[in-house]
Amino acid sequence: MARKKSFKYPLLFFSFLFFAIEVGAHSNILYNINLDFDNQLQSGVIKAAQKFLKAKEMPKMFDYDFEIIAAKFDRKLELSVLVNPADFSVFGFRDDSLVSSGKEALSPEKRKMIAEKTFTAYVPESYQQELSYAGEKRLYQGTYEFTWFRYVSGIVAMNEHFKVEVDPVDGDVVSFRMSLFSSPKEKIHTKPAISGEVAEKIAELSLEGTPLGSGPVLIINNDRPLWLAKIKKSYPIFAGIDALDGRVVFSGNARTELPPEYSAGKDVPAVENEIIKSILG
């Protein structure tokens, strides 16, 4: 008979954490937002988008996309520009009219070369140093997507990456997108105060589920480490457990894309901070 796992932390510890559950989360994407409240912001976004497209056409609507404003133009197929509202720099665009129908003509090497050229052209040098290439994948419309993920001390950051979509027929860049970095790397905590085993137990008890898979992985959420655990209720869900204080930050979908075969955290030792010590005291 298999032995039950033993945990260093008493049940009182888990009971205390239930008071800090944060199952809900703020929306990261909002559609058709109104920018009339700030004329300077609206004008700056419009001018940046028009300059990038070399056009005088006005956008038909704006979306909020992970702290970036998407200016969308009136087309049957999507035409949009992503603008950083802080300085009106362009962080991405999409033009689905550039998707070609026909036989693929570009080799994988040529596609990657185009993606790398786009990466160099649009990603600030300070960002480039923290991004690692993760390969390409073919999308449903026949284009190829190339992704670079941000890592801090070997741990991937939630929703912080660079993507390029290349058409394999004629080599057009259909889209690219640069995420805003939420925190400078020197201000990011990477050492968890609770282990992945404890985080999984918190998810199991607080969400009344059964752990699945090979254990949680460690990721960065803004400037804090977070354990991403997978459990089963009536169906599999993910739980994000703050690795510094054990709060359940979210539950449901994973809220982020991860690199293929990502497994960081299994060998990362927990270093108890003052919060954890006071709980255990």
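Keep in mind it's a predicted model, so treat the numbers as computed, not measured.

**Observations regarding the packing of aromatic side chains**
- Counted according to the given criterion, the structure contains 12 aromatic pairs.
- The interplanar angle of 75 degrees and the centroid separation of 5.7 Å between the aromatic rings of phenylalanine 119 and phenylalanine 162 together place this pair among those described as edge-to-face. Linking phenylalanine 119 in helix α3 (residues 108-122) with phenylalanine 162 in strand β8 (residues 155-166), this pair joins segments that are 43 residues apart in sequence. Per residue, the accessibility class of phenylalanine 119 equals that of phenylalanine 162, and both read buried.
- An angle of 55 degrees between the planes, with centres 6.4 Å apart, marks the rings of tyrosine 151 and tyrosine 262 as tilted. Placement of the pair is tyrosine 151 in strand β7 (residues 144-152) and tyrosine 262 in the loop between β14 (248-252) and α6 (274-280), with a sequence separation of 111 residues.
- Cluster of aromatic residues (ring-pair linked, three or more members): Phe52, Phe93, Phe119, Tyr122, Tyr133, Trp148, Phe162 and Phe176.
- The positively charged end of arginine 111 is found above the aromatic ring belonging to tyrosine 144, 3.7 Å away from the centroid.

**Side note on helix α2 (residues 39-53)**
- Helix length check: α2 (15 residues) gives 21 Å between terminal C-alpha atoms against 21 Å at 1.5 Å per residue, within 8%.
- Of the positions making up α2, those classed as buried are Leu41, Gln42, Gly44, Val45, Ile46, Ala48, Ala49 and Gln50.
- Where α2 is buried, its residues meet β2 (61-65), β3 (68-72), β4 (79-83) and β5 (90-95).
- For α2, the N-terminal capping position is held by aspartate 38, with its side-chain oxygen 3.2 Å away from the main-chain nitrogen of glutamine 40.
- At the exit of α2 stands lysine 54, carrying a positive phi of roughly 55 degrees.

**Looking at the pairing of strand β11 (residues 217-221)**
- Where burial is concerned, most of β11 is hidden: 4 out of the 5 residues are buried.
- Across 5 bridges, β11 lies against strand β12 (residues 224-232) in antiparallel orientation. Along β12, the bridge assignment pairs valine 217 with leucine 228.
- Hairpin connection from β11 to β12: 2 residues lie between these consecutive antiparallel strands, with asparagine 222 at a positive phi of about 60 degrees.

**Things to note about α3**
- Taking 1.5 Å of rise per residue, the 15 residues of α3 would be expected to cover 21 Å, and the 21 Å separating its terminal C-alpha atoms lies within 8% of that figure.
- By the burial criterion, the buried members of α3 are Arg111, Ile114, Ala115, Thr118 and Phe119. Buried positions in α3, seen along its axis, are confined to an arc of 140 degrees and lie on one side of it. Away from its buried face by more than 90 degrees, α3 exposes Glu109, Met113, Lys117, Thr120 and Ala121.
- Looking at the buried positions of α3, the neighbouring elements they touch are α4 (125-128), β6 (131-138), β7, β8 and β9 (173-178).

**Quick look at the nonpolar core**
- In this structure, Leu131, Trp148, Phe162, Val164 and Met178 are the most contacted members of the largest nonpolar core, which totals 35 residues.
- For this core, the secondary structure elements donating two or more residues are α2, β3, β4, β5, α3, β7, β8 and β9.
- The biggest single contributor to this core is α2, with 5 residues.
- Those residues in contact with methionine 178 that sit more than four places away from it in its chain are Ile68, Phe91, Val123, Tyr127, Leu131, His161 and Phe162.
- Of all hydrophobic cores here, the second largest spans 32 residues; its members include Ala199, Leu226, Ile241 and Phe250.

**Digging into unusual backbone geometry**
- Its identity as a non-glycine residue notwithstanding, asparagine 32 has a phi of 55 degrees, on the positive side.
- Inspection of the secondary structure puts asparagine 32 in strand β1 (residues 29-33).
- Using a relative accessible area of 53% as the deciding quantity, one classes asparagine 32 as exposed.

Reading guide: rules and limits
Residues numbered from 1 in each chain as written. Predicted model: local features only at pLDDT ≥ 70, side-chain atom pairs only at ≥ 80, totals over all residues. Heavy atoms only, no water. Phe/Tyr/Trp six-rings, centres within 6.5 Å; stacked < 30°, edge-to-face > 60°. Helix = DSSP H or I, 4+ residues; strand = E, 2+ residues; numbered from the N terminus. Buried < 20%, exposed > 50% of the residue type's maximum accessible area, 1.4 Å probe, protein only. Lys NZ or Arg CZ within 6 Å of the ring centre and 35° of its normal. Expected span 1.5 Å × (residues − 1). Contact = heavy atoms within 4.5 Å. Polar contact = N/O pair within 3.5 Å; in protein donor to acceptor, adjacent residues only side chain to side chain. Pairing = 2+ DSSP bridges. Arc of directions from axis to C-beta. Core = buried A, V, L, I, M, F, W, Y, C linked by side-chain atoms within 4.5 Å.

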